[in-house]
Protein chains: 4
Amino acid sequence: MKASTHIRVRYGEVDQMGFVYYGNYALYYEIARAEMIRACGYPYSEMEKEGTVMPVVKMNIKYLRAAKYDELIRIETSLLEMHPQPFITFHHKIFNEQDELINKAEVTLTFYDLSTQKRVAMPDRLRQYLNPYFAPAI
Amino acid sequence: MKASTHIRVRYGEVDQMGFVYYGNYALYYEIARAEMIRACGYPYSEMEKEGTVMPVVKMNIKYLRAAKYDELIRIETSLLEMHPQPFITFHHKIFNEQDELINKAEVTLTFYDLSTQKRVAMPDRLRQYLNPYFAPAI
Amino acid sequence: MKASTHIRVRYGEVDQMGFVYYGNYALYYEIARAEMIRACGYPYSEMEKEGTVMPVVKMNIKYLRAAKYDELIRIETSLLEMHPQPFITFHHKIFNEQDELINKAEVTLTFYDLSTQKRVAMPDRLRQYLNPYFAPAI
Amino acid sequence: MKASTHIRVRYGEVDQMGFVYYGNYALYYEIARAEMIRACGYPYSEMEKEGTVMPVVKMNIKYLRAAKYDELIRIETSLLEMHPQPFITFHHKIFNEQDELINKAEVTLTFYDLSTQKRVAMPDRLRQYLNPYFAPAI
């Protein structure tokens with residue numbers, strides 16, 4: 001399962017080195033996974049209204065090249081494995097306008113019920129959308 | 001009623017001109033008014049737990065000089081008038097390490113009940129703290 | 001002279017009231033004026049490479065209604081007056097998906113030469129693009 | 001080599017789950033390493049003026065518990081290894097007011113000369129400050 005999103009770098013996201021501030025990539029990954037889930041037909045905003053939120057539990061980033069102001073970057077996002085536990089991991093690759101790989105990241109989120117303050121399983125509706133992508137290869 | 005707060009400019013707050021990004025001053029005003037209210041003995045976080053939030057309804061800023069990375073700036077905050085309506089206006093002046101005035105702002109907030117989704121009067125507890133400062137001059 | 005830009009509200013831009021944080025509107029105005037100038041054929045990123053930056057000197061905002069996560073908001077931007085001095089003022093109106101006016105702002109910027117650290121006149125190239133829009137009504 | 005820094009969570013850093021937005025921890029690590037280097041007697045702002053900047057090349061984060069608005073969190077930062085290459089890795093642990101470990105991260109930065117656009121060795125002045133901490137255990 002793959003998705004591709006374009007984002008233009010904002011002035012307020014760039015630091016005085018002239019590079020996107022290292023913390024702001026999190027905003028880009030957020031957009032990429034929101035667009036992927038939206039494409040499934042189940043916008044994350046709807047999931048939240050139904051009571052389940054998705055806090056991030058782990059993030060690993062490699063910054064290979066700088067992204068600069070006004071660049072139109074492309075984020076490729078894929079789901080490579082289905083966790084048995086209530087977790088989901090998005091794999092991101094970011095490319096600049098010259099199609100150079102500039103950033104790689106894995107972001108793992110969990111599912112959490114705000115009312116009970118407890119981790120919960122992935123909502124059935126999302127699982128149904130994602131399952132085909134993780135069907136056994138047999 | 002006056003309060004003074006010191007803030008050190010973070011790297012992630014500065015843009016590629018080398019100046020604090022114009023939107024990030026909002027974070028500084030937020031800290032200044034939170035510290036002022038905390039000094040009253042009624043932290044804003046407590047007010048929120050009791051059901052009242054304070055959205056901003058108006059903000060006017062003059063940017064006189066740039067603030068730069070790592071500068072220790074000082075924000076002076078005052079309450080000059082008591083509104084009859086459910087509003088409160090904070091007046092901010094920011095000074096750099098050379099004690100030059102670099103920024104002036106007025107931020108007006110309202111009081112809002114998240115459960116009823118309606119504007120409400122200033123919580124009594126806060127009014128009691130603030131009233132003496134606005135006593136008639138007679 | 002008018003321009004219209006659509007922006008989807010990001011999760012990281014919304015605070016715990018569930019509203020876009022009041023400082024983050026500055027990012028939206030930035031995008032709106034960058035797109036307007038780009039449409040003139042003179043991207044702001046190019047102006048910076050030629051040595052002129054545009055710091056904000058004044059901003060007035062009215063927050064009329066809240067913008068929420070995942071909403072696709074529309075910003076209408078206009079230039080209403082031509083200043084004789086080295087200033088330019090953008091007028092912004094933001095509408096939500098129900099086409100309700102939720103936010104109004106005026107943002108005034110100056111032109112500044114980073115190498116000489118001095119204010120300069122509006123670059124000729126930009127003035128040529130913008131002049132027709134401010135031609136006398138006679 | 002260890003350092004400890006306290007930071008109060010700002011309203012604008014918290015998302016609508018009521019948790020610090022996952023990208024904003026980068027700001028906290030930035031403060032922690034800036035304070036550690038400042039304590040060495042060589043503020044990072046001075047290093048930049050002398051021509052060397054420190055872009056982040058790698059970051060791994062584990063989010064164990066949420067940080068919330070107005071909490072006074074504590075970041076413990078340590079340097080555990082000296083890289084032979086032009087890299088430095090900061091290890092961060094964040095604790096909440098109940099002294100619970102809420103976040104762990106490793107942030108690796110490189111040294112970069114903005115004028116030549118090339119990686120450079122760690123500036124001698126910083127190396128002299130840090131060397132004692134990495135002396136062989138013999």
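Keep in mind the model is a prediction, meaning the values are calculated, not measured.

What counts, and at which threshold
- Residues numbered from 1 in each chain as written.
- Chains lettered and ligands numbered in written order.
- Predicted model: local features only at pLDDT ≥ 70, side-chain atom pairs only at ≥ 80, totals over all residues.
- Helix = DSSP H or I, 4+ residues; strand = E, 2+ residues; numbered from the N terminus.
- Rg over C-alpha atoms; globule rule 2.2 N^0.38 Å.
- Buried ≥ 20, exposed ≤ 12 C-beta atoms within 10 Å, placed from the backbone.
- Contact = placed C-beta atoms within 7 Å.
- Nonpolar A, V, L, I, M, F, W, Y, C, P; charged D, E, K, R; others polar.
- Pairing = 2+ DSSP bridges.
- Least-squares fit on C-alpha atoms with pLDDT ≥ 70 in both.
- Expected span 1.5 Å × (residues − 1).
- pLDDT = per-residue confidence, 0-100.

## A look at the overall build of chain A
Working step 1: In terms of regular secondary structure, chain A is built from three helices and eight strands.
Working step 2: In chain A, the order of α-helices and β-strands from amino to carboxyl end is β-α-α-β-β-β-β-β-β-β-α.
Working step 3: The C-alpha atoms of chain A give a radius of gyration of 16 Å, which matches the 14 Å a tight globule of 138 residues would have.
Working step 4: When the backbone C-alpha atoms are referred to their principal axes, chain A occupies close to 45 × 40 × 25 Å.
Working step 5: Burial analysis of chain A (138 residues in total) assigns 35% to the buried set.
Working step 6: Summarising the internal contacts of chain A: among those between residues at least 6 apart in sequence, 68% fall at separations of at least 24.

## Details of the interface of chain A and chain D
Working step 1: Counting residues at the interface gives 19 residues for chain A and 19 residues for chain D.
Working step 2: Of all the secondary structure elements, the ones that give two or more residues to the side of chain A that touches chain D are α1 (25-39) and β3 (56-63) of chain A.
Working step 3: For the side of chain A that touches chain D, the element with the most residues is β3(A), which contributes eight residues.
Working step 4: The class makeup of the residues in the side of chain A that touches chain D is 14 nonpolar, three polar and two charged.
Working step 5: In the sheet, β3(A) pairs with strand β3 (residues 56-63) of chain D via five bridges, with the strands oriented antiparallel. Each bridged residue has a counterpart across the sheet, and for A:K62 the counterpart in β3(D) is D:K58.

## Looking at the environment of B:N103
Working step 1: Relative to the assigned elements, B:N103 resides in strand β6 (residues 101-110).
Working step 2: Sequence separation of B:N103 and B:L64 is 39 residues, and the distance between their C-alpha atoms is 5.4 Å.

## Comments concerning the sheet that holds strand β8 (residues 118-119) of chain A
All names here are of chain A.
Working step 1: Pairing in this open sheet of three strands is antiparallel, and the strands run β2-β7-β8 from one edge to the other. Bordering the open sheet on either side are β2 (52-53) and β8, each of which pairs with just one other strand.
Working step 2: The sheet contact formed by β2 and strand β7 (residues 112-113) spans two bridges and is antiparallel. Residue T52 lies in a different strand from β7, and its bridge partner there is D113.

## A closer look at the relation of the copies chain A and chain D
Working step 1: Each copy superposes on the other: chain A lies on chain D with an RMSD of 0.0 Å after a rotation of 180° and an axial shift of 0.0 Å. Overall, the copies show the geometry of a two-fold rotation axis. Residues of chain A ranked by C-alpha distance from the rotation axis are headed by A:N60, positioned 2.2 Å from it.
Working step 2: Most of the interface of chain A is mirrored in chain D: 100% of its interface residues are interface residues there too.

## Side note on helix α1 (residues 25-39) of chain B
All names here are of chain B.
Working step 1: A rise of 1.5 Å per residue sets the reference length of α1, with its 15 residues, at 21 Å; its end C-alpha atoms lie 21 Å apart and thus fit the reference within 8%.
Working step 2: Summarising burial for α1: 11 of the 15 residues are buried, a large majority.
Working step 3: Inspection of α1 places Y25, A26, L27, Y28, Y29, E30, A32, R33, A34, M36 and I37 among the buried residues, and these make up the whole buried set.
Working step 4: Packing partners of the buried residues in α1 comprise β1 (2-8), α2 (44-49), β3 (56-63), β4 (72-78), β5 (87-95) and β6.
Working step 5: Backbone geometry just after α1 places G41 at a positive phi near 95°.

## Here we look at α1(A)
Working step 1: Residues of α1(A) that are buried: A:Y25, A:A26, A:L27, A:Y28, A:Y29, A:E30, A:A32, A:R33, A:M36 and A:I37.
Working step 2: Buried residues along α1(A) sit in contact with β1 (2-8), α2 (44-49), β3, β4 (72-78), β5 (87-95) and β6 (101-110) of chain A.

## Here's the deal with the relation of the copies chain C and chain D
Working step 1: Structural alignment of chain C on chain D gives an RMSD of 0.0 Å, achieved by rotating through 180° and translating 0.0 Å along the axis.
Working step 2: A share of 100% of interface residues in chain C that are also interface residues in chain D marks the association as one of identical surfaces.

## Focus on the confidence of the model for chain A
Working step 1: In the predicted model, chain A carries a mean pLDDT of 92, and 96% of its residues have values of at least 70.
Working step 2: ipTM for the predicted complex: 0.93, alongside a pTM of 0.95.

## Concerning the sheet that holds strand β2 (residues 52-53) of chain B
All names here are of chain B.
Working step 1: Pairing is antiparallel in the open sheet, where three strands are placed in the order β2-β7-β8. One side of each edge strand has no neighbouring strand; the edge strands of this open sheet are β2 and β8 (118-119).
Working step 2: Where strand β7 (residues 112-113) and β8 come together, two bridges link them in antiparallel fashion. Within β8, the residue paired with D113 across the bridge is K118.

## Things to note about the environment of D:V107
All names here are of chain D.
Working step 1: By the element assignment, V107 lies in strand β6 (residues 101-110).
Working step 2: Between the C-alpha atom of V107 and that of A121, which follows or precedes it by 14 residues, the distance is 18 Å.
Working step 3: The contacts of V107, once residues within four sequence positions are left out, are Y29, V56, M59, T89, F90 and H92.

## A few points about unusual backbone geometry
All names here are of chain D.
Working step 1: Despite not being glycine, D70 has its phi angle at roughly 75°, a positive value.
Working step 2: You can see D70 is positioned in the loop between β3 and β4 (72-78).
Working step 3: Here the phi dihedral of Q117 falls at roughly 60°; this positive angle occurs in a residue that is not glycine.
Working step 4: Take Q117: it is sitting in the loop between β7 (112-113) and β8 (118-119).
Working step 5: For Q117, a count of 8 C-beta atoms within 10 Å corresponds to the exposed category.

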